[in-house]
Amino acid sequence: MDNERSVVCKFGGTSMADVESVGRVEKIVKSDPARKYIVVSAPGKCNGGAKVTDLLIQCFEEIKNGGNCDRTFPSVAARYRDIYDCLGSDILDKTLFSVKDAMEKSGQYDFCVSRGEYLSAYFFALKTGFGFVDAAELLRFDKYDGFNAAETDKICKKRLRETGYIVIPGFYGSDENGNIVIFSRGGSDITGSLVAAAVKADIYENWTDVDGILNADPRIVQSPEIISSMTYGELREMSYLGAAVMHPDALVPLIKTRTPLAVRNTFRPETEGTLITSCLKERSETGSGVTGIVGKKGFSVLFVHKTGMNAQKNVVRKILSVLEYYGIGFEHMPSSIDAVNFLIPKENVSEEVKAALVDEIKKSVRPDDIRMVDNFAIVSIVGRNMRSRLGVAGRMCTALAKAGVNIRMLIQGLREINIIAGVDERQYETAVRALYDEFLAEKRRIKRGFRYL
């Protein structure tokens, strides 16, 4: 197997949602004999109905309250019967009844919710004639420490390197006692990347319902373009800053093994999608060096000012200790000689905690000024080639100023792969469009054969 080309494919919930889409998946898988490892999600929404995972959450609530899931599980069963009718009622009914019985006996949230992926993989393996390997046998979690990447890699290498043409459920694994443990939503991406890293795949194909990764949010910018190629560094920055493409944790195993990733469309397999690799040569042509425009709303900023803060080396530590005590995580910490700012997602700090947090910091560091600023957003330009372009930050600030957007905060690190501007939430969409027009719209005009002067 080591000398043969191997491809790991992951298909998301939309790709597994109905009989037609599953037929497309089977055709894609069998069109290339190198596609030997297939990871699948639970069926997503179909004809306006609920996702299977959401139905299974309802099943769990029924089991918790009444001991069975007689009301909701028939809807789960109906989805699989519609998709895999070709397998015959005997196989379907036997498997579905067995899973329902196991859910009711377990009564565990993770077990119940994971059964969508389990059934999706099990039935797809039967349909394609591939083997089935349960993710509970491959992915290992520790009871107290969470996901165990080292043990998982060891198990996967031992179990999979001499195997092939198998289907694996995404989204879950098991702990040392055999209990099912799930990732956060979107965790099937992680399963696929772990498998790809373990088998040293030539490429990891992530199949979804878009043609590739867009260079801006299509809900804000009209007809943004597909990024044909980019680096993992760029994708991580864009994913972190709001581009909902893949689970951010899915990139880590691929970066470590330098495994290329292709994001492709199940419903338009003829398109090339986006290729992500560890490194790419810097573009020689002139231009901004910007790959994409991203951003997020929903932040609060904790501002703390204390004259002489730079000389009092324990001030920031005390503030961090208070944040840790209240379980509050932050995403950025820009500072000046006498002040420090903490950019905090609003969901990380409740209104009830805000007052207590501010009061505790007042007692701890006795600041000259402290306040929490709400309704904050960040916008960012991302690109691996910005470091070789002069004046990118100046162009960014000028473009925002011309659009009437006030920059409240500006962040750039030495890596020079992104520049982040903090703006008022009400100006977020205006800021995104202004940056797109400044850095990326020109590419489209040049491609179409003309250029504005």
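Data block above holds the structure.
Model, not experiment: these values are computed from the prediction.

Participant: What is the right way to look at the overall build of the chain in this model?
Facilitator: The helix and strand inventory of the chain stands at 14 helices and 17 strands. Each of the three principal axes of the chain carries a C-alpha extent, and together these read 75 × 60 × 40 Å. Counting all 453 residues of the chain, 52% fall into the buried class. Taking as baseline every contact in the chain between residues at least 6 positions apart, the subset at least 24 positions apart corresponds to 74%. In the form shown here, the chain has an accessible surface area of approximately 21500 Å², with 49% of it arising from carbon and sulfur atoms. In the chain, 62 positive and 59 negative side-chain charges are present, and the distance between their average locations comes to 5 Å.

Participant: Sorry if this is basic, but what is going on with the packing of aromatic side chains here?
Facilitator: The geometry of an aromatic ring pair comes down to the distance between the two centres and the angle between the two planes. For the coordinates displayed, the defined rule picks out 14 aromatic pairs. Both rings, one in F330 and one in F342, keep their centres 5.2 Å apart while their planes meet at 80°; by these two values the pair is edge-to-face. In this pair, F330 sits in the loop between α10 (315-325) and β14 (339-345) while F342 sits in strand β14, placing the two residues 12 residues apart along the sequence. For F330, a relative accessible area of 32% translates into the label partly exposed. A residue is classified by how much of its surface remains accessible, and F342, at 0% relative accessible area, is buried. Of the aromatic side chains, those joined through ring pairs into one cluster are Y80, Y84, Y118, Y122, F123 and F132. Residue placement shows R115 over the ring face of F111; its charged tip is 4.4 Å from the ring centre. Looking at R115, its charged tip hangs above the ring of Y172, at a distance of 5.2 Å from the centre.

Participant: Would you explain the sheet that holds strand β8 (residues 180-182) in this entry?
Facilitator: To summarise the sheet geometry, strands pair through backbone hydrogen bonds and adopt either a parallel or an antiparallel arrangement. Strand order in the open sheet formed by four strands is β5-β4-β7-β8, and the pairing between neighbours is mixed. Each edge of the sheet is formed by a strand with only one pairing partner; in this case those strands are β5 (146-147) and β8. For strand β4 (residues 140-142) and strand β7 (residues 172-175), the ladder comprises two bridges, and the chain directions are parallel. By the bridge assignment, F141 is partnered in β7 with D175.

Participant: Would you explain the packing of helix α6 (residues 149-160) against helix α7 (residues 188-198) in this entry?
Facilitator: How two helices pack is summed up by the angle between their axes together with the distance between the axes. In the contact formed by α6 and α7, the axes pass within 9 Å of each other and the chain directions differ by 65°. The interaxial crossing formed by α6 with α7 has right-handed handedness. Across the interface between the two elements, T152, D153, C156, K157 and L160 from α6 touch L194, V195 and A198 from α7. The residue inventory of the contact of α6 with α7, partitioned by class, reads five nonpolar, one polar and two charged.

Participant: Explanation requested: a nonpolar patch on the surface in the structure shown.
Facilitator: A surface patch of nonpolar side chains, about 210 Å² in accessible area, is lined by L320, F330 and M333. Positionally, L320 belongs in helix α10.

Participant: Help me understand helix α8 (residues 232-240), please; the structure alone is not making it clear to me.
Facilitator: It helps to recall that an α-helix has 3.6 residues per turn; residues three or four apart then point in one direction. Most of α8 sits out of view: seven of its nine residues are buried. Restricting attention to buried positions, one finds in α8 the residues Y232, G233, E234, L235, E237, M238 and S239. Looking at the residues trailing α8, positive phi occurs at G242, about 125°.

Participant: What should I look at first to understand the side chain of D424 in this one?
Facilitator: When you line up the elements, D424 lands in strand β17 (residues 418-424). Those residues in contact with D424 that sit more than four places away from it in its chain are N375 and R408.

Participant: What's the story with the sheet that holds strand β9 (residues 203-208) in this structure? I'm lost.
Facilitator: Sheet architecture is open: eight strands sit in the order β3-β6-β2-β1-β9-β11-β12-β10, paired in mixed fashion. Of all strands in the sheet, those bounded by a partner on one side alone are β3 (131-132) and β10 (229-231). Packing against the sheet, α8 makes contact with β10, β11 (261-265) and β12 (274-277), and its axis sits at approximately 85° to β10.

Participant: Please explain unusual backbone geometry as it appears in this structure.
Facilitator: Among all residues save glycine, negative phi is the norm, and among peptide bonds the norm is trans. The residue K200 is not glycine, and still its phi comes out positive at about 55°. With respect to the secondary-structure elements, K200 resides in the loop between α7 and β9. Positive phi, normally seen in glycine, also occurs at R366, with a value near 50°. Counting through the fold element by element, R366 comes out in the loop between α11 (351-365) and β15 (369-382). You can call R366 exposed: its relative accessible area is 65%.

Participant: Would you take a moment to explain the side chain of S380 for this structure?
Facilitator: For S380, the position within the fold is in strand β15. At a separation of 3.1 Å, a polar atom in the side chain of S380 contacts the main-chain carbonyl oxygen of I419. If sequence neighbours within four positions are ignored, S380 has contacts with L241, G292, I293, V294, N418, I419 and I420.

Participant: Explain the pairing of β17 to me, please; I cannot follow it from the model alone.
Facilitator: A regular strand places its side chains on the two faces of the sheet in alternate fashion. Among the seven residues in β17, seven count as buried, and that is most of the element. Where β15 and β17 come together, seven bridges link them in antiparallel fashion. Across the sheet, residue V379 finds its bridge partner in β17, namely A421. Sheet topology note: the strand β16 (residues 409-412)/β17 ladder contains four bridges and is antiparallel. By the bridge assignment, I411 is partnered in β17 with I420.

Each value, and the rule that gives it
- Residues numbered from 1 in each chain as written.
- Predicted model: local features only at pLDDT ≥ 70, side-chain atom pairs only at ≥ 80, totals over all residues.
- Heavy atoms only, no water.
- Helix = DSSP H or I, 4+ residues; strand = E, 2+ residues; numbered from the N terminus.
- Buried < 20%, exposed > 50% of the residue type's maximum accessible area, 1.4 Å probe, protein only.
- Contact = heavy atoms within 4.5 Å.
- Areas by Shrake-Rupley, 256 points an atom, 1.4 Å probe, with all protein chains shown as cover.
- Lys, Arg positive; Asp, Glu negative; His and termini not counted.
- Charge placed at Lys NZ, Arg CZ, Asp CG, Glu CD.
- Phe/Tyr/Trp six-rings, centres within 6.5 Å; stacked < 30°, edge-to-face > 60°.
- Lys NZ or Arg CZ within 6 Å of the ring centre and 35° of its normal.
- Pairing = 2+ DSSP bridges.
- Axes fitted to C-alpha atoms, helices over the stretch in contact; angles between N-to-C directions.
- Left-handed = near helix turned anticlockwise from the far one by under 90°.
- Nonpolar A, V, L, I, M, F, W, Y, C, P; charged D, E, K, R; others polar.
- Patch = residues over 30% accessible without salt bridge, like charges linked within 9 Å, V, L, I, M, F, W, Y side chains within 5 Å.
- Salt bridge = Lys/Arg side-chain N within 4 Å of Asp/Glu carboxyl O.
- Polar contact = N/O pair within 3.5 Å; in protein donor to acceptor, adjacent residues only side chain to side chain.

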